[in-house]
Amino acid sequence: MSQRTVTRRYATALYQEADASGVLEAIDEDVLMLRNSIESNRELSRFFGSPVIPQEKKDTILQELLRDRVAPLILQFLRLLVEKDRETLTKEILDEYQSLRDEQRGIVDARVTVAQALTDEDREVLLEALEERTGKDVRLHIEEDPDLIGGLVVRIGDRVFDGSVRSQLNALHDRFRNAALSAEANGTAD
Amino acid sequence: MANGSIRPDEVTDILRRELGDFDTEAEEYEAGTVLQAGDGIATLYGMSNAQASELVEFPEQDVEGMVLNLEEDSVGVILFGDVDSVSEGDEARRTGRIASVGVNENMLGRVIDPLGRPLDGEGPIEGEKTVLPLERKAPGVIYRQPVEEPLQTGIKAVDSMIPIGRGQRELVIGDRQTGKTAVLVDTIINQKKTHEEQSDAGDPVYCVYVAVGQKDSTVAQVQRDLERNGAMEHTVIINASASMPTPLQYIAPFAGACIGEYFRDTGRDSLVCFDDLSKQAVAYRELSLLLRRPPGREAYPGDIFYLHSRLLERAAKIIDDQKVAGQMNDLPYALQDQVEGGGSLTALPVIETQAGDVSAYIPTNVISITDGQVYLETDLFNAGIRPAIDVGTSVSRVGGSAQVGAMKDVASTLRIDLSQYRELEAFAKFGSDLDPSTQRQLNRGERLVEILKQDQFSPVPVEEQVAIIFAAINGYLDDVEVDDVGEFEEEYVERLRLQHGDVLAEIRETEELTDHAEEVFETVAEDLSEVYAEDEEEDQEDVLAGGDGETAMA
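Since the model is a prediction, treat every value here as computed from it, not as a measurement.

(A) Seen up close, the overall build of chain B. Check the secondary structure of chain B and you find 18 helices and 17 strands. Overall size of chain B, expressed as C-alpha extent along the three principal axes, is 105 × 50 × 50 Å. Going through the 554 residues of chain B one by one, you find that 45% of them count as buried. Partitioning the contacts of chain B with sequence separation of at least 6, the portion at a separation of at least 24 is 73%.

Next comes the structure, spelled out in structure tokens:
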């Protein structure tokens, strides 16, 4: 079974259970916290990923570590993952949960690549433009890449808006080449 | 190129114009990322809106691909062009276009690849092109018409006993080295007549020769043969040779069908030769296995039958009624206002068998799809019977109604006579004491086999075929030595051409064999046969005289 299928199933299950017991908001917060912790804490991510640590031990550690910090449902969920041998996918499952919730709340991630750092003002304008275009709340992730020369590239999901100087130069290059080719074929236009 | 040199200021001028027209607009596209690539396929992540058989481009590598597999979270793509340049992590873009070929009349006389790009070094193909999708549904029942008009191959054995009609699908099957390609090439050459002005040979037939997985040298040879015989002007060669990426070999027959359809749907006749479909099946098997589709019999994927059936279903005779034809199903947008009824697409697929085994998977499939087969045999080929057509197992399921009247009259008993001869031939090997009637049948059979022999690149017009078969069927060859039959035939046709050109022309025009024509054939054949019979007697006398002398000496 593909990894995506598995993560989606667990994430959906978590969401549905949280929704049914009316603790959705608490779970959202916990998921965010856990994701950040796993990302920033190498020990923790290794703890989830390691196949060497026996199940019982993982179970105990989880309980010790998280009992007072997170909602009981999350704890139960993580213990279930351990029991089902899926704890190595914890990060992916939590990510999937996040994107599931984003989708429901109408939030999209926009990955923006720019040639030079944006001013706060530009940022604001960009955000507004993107929100108007997509009709959704946009979460910006900005990266810098001097190779673009100028302009920017925005990627939301699979859709890409390419307004970089680099790609326009490429387009111009192709255009010149084609014009030259057809001129050659027709025996120079005169 | 055309007028020697390009002046720098001209170039500058063009570039300036292009620059002036260039507007800076942001591009918007849908992208995916290559997860895995190799062996002509790539798996992409993302691109969740991609459609089946949509074109995908890899801008960095300047490679295109076609979507073949749509999975839950990935897209399987087959790559055209430089397959090895695509690697993991590369970006792919949707083009929103379905894989298609641009077709126009200027392609005639050219050698192109399955995407319509020229391969013969004669420069780009000029003119506006009609863009047709590679995969297109075949016309439905109401847009078709029964196959009635003959497609003359110029091969005596085929036109007389396995007649092919315009819009038919006739399989050419046989082992390697049995002359399958020769049958196709001869058929294409014979269509040259239809392109001559004021010809009586019927409407012009435009030919497409699709070479799949063949040696480039073979394709070059075919091109040369066609050129030398003046047949290249009405022919397009699509070449997906053995060294080209497998995906191109897989789509080549579809590209051929596209070009054929362009002529078919604009009210003209076309002939598409697929040489050969076994190699296409192998290419498709390779792609399917790499795309992890489950293998079936002989490791071919489950839809290998559909692959060939949907391709060959595109052969059709379109209804003459302009109004109905205009409403044809699945008409590509580009063709919409060019449609004309009455066109046809005749398909001549080729299948190569292994050691004469026609019951292998692909041969049985294609035999059941087509409207008949021309079966070529190694034994016959080696016995000097060329074209090596096995009359017993070759059939044409619809061609009968597409035979001209005159041919029908003379050739009706030919098949029976020949099969009886084959039966007797087997018996005759056991003993020499045969009754006179058997002897006669054997005699006749030998001569029939002889007249059906034919050199390559020398198609025979239908009226001459009628004349020759008439003579043989009516026993005018019975007294001619088997070795002299070829010579007799030549002289007989020559005399008819010189002295009775009007009779031949009449058959060509009316397509009927009149009593007068029969009389003429009879007189000429009788005269000639007497000459040959006399020669023979003289020869025999010589032998006898020599023999007597020897006995006398002893």
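(B) Region of interest: the overall build of chain A. When helices and strands are tallied, chain A shows 8 helices and 4 strands. Against the 2.2 N^0.38 benchmark of 16 Å for 190 residues, chain A shows a C-alpha radius of gyration of 24 Å, more extended than a compact globule. Summarising its shape, the C-alpha atoms of chain A cover approximately 85 × 35 × 30 Å along the three principal directions. Split into buried and exposed, the 190 residues of chain A put 17% on the buried side. A separation threshold of at least 6 residues defines the contact pool for chain A, and within that pool the share at least 24 residues apart is 66%.

(C) View of the nonpolar core. Judged by nonpolar contacts, the single largest core of 146 residues is most densely connected at B:V77, B:Y209, B:V210, B:C258, B:V466 and B:A471. Looking at this core element by element, the count peaks at 11 residues for helix 6 (residues 246-265) of chain B. In this view, B:Y209 contacts B:L184, B:I188, B:V222, B:T235, B:I237, B:C273 and B:D275; residues no more than four positions away in its chain are not counted. In this structure, A:L14, A:A18, A:V31 and A:L94 belong to the second largest nonpolar core, which totals 17 residues.

(D) The arrangement of the packing of helix 14 (residues 436-452) of chain B against helix 16 (residues 485-499) of chain B in detail. All names here are of chain B. At a minimum axis separation of 9 Å, helix 14 and helix 16 run at an interaxial angle of 60 degrees. By the angle between their axes, helix 14 is oblique relative to helix 16. Between helix 14 and helix 16 lies a crossing whose hand is right-handed. Note on element contacts: helix 16 touches helix 14 through V485, G486 and E489, opposite R447, E450 and I451. Tallied by class, the residues present in the contact of helix 14 with helix 16 amount to 2 nonpolar, 1 polar and 3 charged.

(E) A look at helix 5 (residues 72-83) of chain A. All names here are of chain A. Across its 12 residues, helix 5 extends 16 Å between first and last C-alpha, which sits within 8% of the 16 Å expected from 1.5 Å per residue. Considering only its buried residues, helix 5 is in contact with helix 1 (3-20), helix 2 (24-40), helix 4 (55-66) and helix 6 (90-105). D85 sits one or two residues past helix 5 and shows a positive phi near 65 degrees.

(F) Region of the structure containing the environment of B:L528. Residue and element names in this part refer to chain B. Its location among the elements puts L528 in helix 18 (residues 515-553). Since 20 C-beta atoms lie within 10 Å of it, L528 is described here as buried. Each C-alpha atom, one on L528 and one on C258, is 50 Å from the other, the two residues being 270 residues apart in sequence. Non-local contacts of L528, meaning those with residues more than four positions away in its chain, are made with F488, E491 and Y492.

(G) Focus on the pairing of strand 3 (residues 54-58) of chain B. All names here are of chain B. The buried count for strand 3 comes to 4 of 5 residues, which makes it a mostly enclosed element. Across 3 bridges, strand 3 lies against strand 6 (residues 91-98) in antiparallel orientation. Across the sheet, residue V56 finds its bridge partner in strand 6, namely R94. Taking the residues between adjacent antiparallel strands as the criterion, strand 3 and strand 4 (residues 63-70) are bridged by 4 residues, where D62 takes a positive phi near 60 degrees.

(H) Looking closely at unusual backbone geometry. Following B:D275, the chain continues into B:D276 via a peptide bond in cis, with omega recorded as 0 degrees. Checked against the element boundaries, B:D276 lands in the loop between strand 13 (269-275) and helix 7 (277-290). Here the bond from B:R386 into B:P387 is cis, since omega is 0 degrees, no more than 30 degrees from zero. Here B:P387 lies in the loop between helix 11 (378-382) and strand 17 (395-396). One non-glycine residue, A:I149, lies in the positive phi region at around 70 degrees. As for its placement among the helices and strands, A:I149 is situated in the loop between strand 2 (137-144) and strand 3 (151-156).

(I) Main features of the confidence of the model for chain A. On average, chain A scores 88 in pLDDT, and the residues at 70 or more come to 94%. Model confidence for chain A, summarised as mean pLDDT per element, is weakest for helix 8 (residues 165-186) of chain A at 77 and strongest for helix 5 of chain A at 92.

(J) Summary view of the environment of A:D162. Along the chain, A:D162 turns up in strand 4 (residues 159-164). Take A:D162: there are 22 C-beta atoms within 10 Å of it, and that puts it in the buried class. Between the C-alpha atom of A:D162 and that of A:T113, which follows or precedes it by 49 residues, the distance is 9.6 Å. Not counting the four nearest positions on each side in its chain, A:D162 is found in contact with A:V153, A:S167, B:A26 and B:E27.

(K) Region of interest: the packing of helix 1 of chain A against helix 6 of chain A. All names here are of chain A. Packing of helix 1 against helix 6 leaves a shortest axis separation of 8 Å and a crossing angle of 60 degrees. Judged by the angle between their axes, helix 1 and helix 6 are oblique. In terms of crossing hand, the pair formed by helix 1 and helix 6 is right-handed. On the side of helix 1, the interface is formed by Q3, T7, R8, Y10, A11, T12, L14 and Y15, while helix 6 contributes E92, I93, E96, Y97 and L100. Across the contact of helix 1 with helix 6, the residue classes tally to 7 nonpolar, 3 polar and 3 charged.

(L) Local environment of helix 10 (residues 361-369) of chain B. All names here are of chain B. Residues of helix 10 that are buried include every one of I362, P363, N365 and V366, and no others. What you see down the axis of helix 10 is that its buried residues fit within an arc of 160 degrees, all on one side. Elements in contact with the buried residues of helix 10: strand 10 (171-174), helix 7, helix 8 (304-312) and strand 15 (344-352).

(M) Fine view of the environment of B:E233. Residue and element names in this part refer to chain B. Counting through the fold element by element, E233 comes out in the loop between helix 5 (216-228) and strand 12 (235-240). By C-beta crowding, E233 is classed as exposed, having 11 other C-beta atoms within 10 Å. Taking the C-alpha atoms as reference points, E233 and G399, separated by 166 residues in sequence, lie 27 Å from one another. Sequence-distant contacts of E233, that is, excluding residues within four places in its chain, are made with L108 and G109.

Cut-offs applied
- Residues numbered from 1 in each chain as written.
- Chains lettered and ligands numbered in written order.
- Predicted model: local features only at pLDDT ≥ 70, side-chain atom pairs only at ≥ 80, totals over all residues.
- Helix = DSSP H or I, 4+ residues; strand = E, 2+ residues; numbered from the N terminus.
- Buried ≥ 20, exposed ≤ 12 C-beta atoms within 10 Å, placed from the backbone.
- Contact = placed C-beta atoms within 7 Å.
- Rg over C-alpha atoms; globule rule 2.2 N^0.38 Å.
- Core = buried A, V, L, I, M, F, W, Y, C linked by C-beta atoms within 7 Å.
- Axes fitted to C-alpha atoms, helices over the stretch in contact; angles between N-to-C directions.
- Parallel < 35°, antiparallel > 145°, perpendicular 65-115°, else oblique.
- Left-handed = near helix turned anticlockwise from the far one by under 90°.
- Nonpolar A, V, L, I, M, F, W, Y, C, P; charged D, E, K, R; others polar.
- Expected span 1.5 Å × (residues − 1).
- Pairing = 2+ DSSP bridges.
- pLDDT = per-residue confidence, 0-100.
- Arc of directions from axis to C-beta.

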